[in-house]
Amino acid sequence: MKSFEIQFRYQDRSQGTVESTLKAEASSLPGAVGKATREFVKGLDRKQRFDMNKNGLEISAKAAGTTEAGATSAEAAAG
């Protein structure tokens, strides 16, 4: 499993720009973005969700590396 860092940004009616960063583990980037997005949206209340839908959600993601279990299995397969 690979580790990804996903950053979310949207315009809120009272706070202005709201940013949040989540870490997710998945085998691919689209899977990690999907997991992190579901978790992020679950944490929003009704008005925040409306603001996010109205103004758009900006998502940026980058790879943060591999987890220990993935690194160990790769080393075992190589050696």
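Scope of this entry: the structure provided in the associated data block. (Residues numbered from 1 in each chain as written. Predicted model: local features only at pLDDT ≥ 70, side-chain atom pairs only at ≥ 80, totals over all residues. Heavy atoms only, no water.)

### Comments concerning helix α2 (residues 46–55)
Right, on to step 1. Capping the start of α2 is the job of one residue whose side-chain oxygen sits 3.3 Å from the backbone nitrogen of K47: D45.
Right, on to step 2. In the segment just after α2, G56 is the residue with positive phi, at about 95°. (Polar contact = N/O pair within 3.5 Å; in protein donor to acceptor, adjacent residues only side chain to side chain. Helix = DSSP H or I, 4+ residues; strand = E, 2+ residues; numbered from the N terminus.)

### Examining the pairing of strand β1 (residues 2–12)
Right, on to step 1. The pairing of β1 with strand β2 (residues 16–26) spans 11 bridges and is classified as antiparallel. The partner of Q7 across the bridge, within β2, is T21.
Right, on to step 2. Where β1 hands over to β2, the hairpin turn is made up of three residues, counted between the paired strands. (Pairing = 2+ DSSP bridges.)

### Overview of the packing of aromatic side chains
Right, on to step 1. Counting across every chain of the model gives two aromatic pairs.
Right, on to step 2. Between the aromatic rings of F8 and F40, the centroid separation amounts to 4.6 Å while the plane-to-plane angle is 10°, which identifies the pairing as stacked. Separated by 32 residues along the polypeptide, F8 in strand β1 and F40 in helix α1 (residues 29–42) bring together distant segments of the chain.
Right, on to step 3. The buried category is assigned to F40, whose relative accessible area is 9%.
Right, on to step 4. Measuring from centroid to centroid gives 6.2 Å for Y10 and F40, while their planes differ by 70°, and the two rings are edge-to-face. Here Y10 is found in strand β1, whereas its partner F40 is found in helix α1, with 30 residues between them in sequence.
Right, on to step 5. Given the relative accessible area of 3%, Y10 is considered buried.
Right, on to step 6. Grouping aromatic residues by their ring pairs yields a cluster made of F8, Y10 and F40. (Phe/Tyr/Trp six-rings, centres within 6.5 Å; stacked < 30°, edge-to-face > 60°. Buried < 20%, exposed > 50% of the residue type's maximum accessible area, 1.4 Å probe, protein only.)

### With respect to the environment of A61
Right, on to step 1. Tracing the backbone shows A61 in strand β3 (residues 58–66).
Right, on to step 2. Taking the C-alpha atoms as reference points, A61 and F4, 57 residues apart in sequence, are found 6.8 Å from one another.

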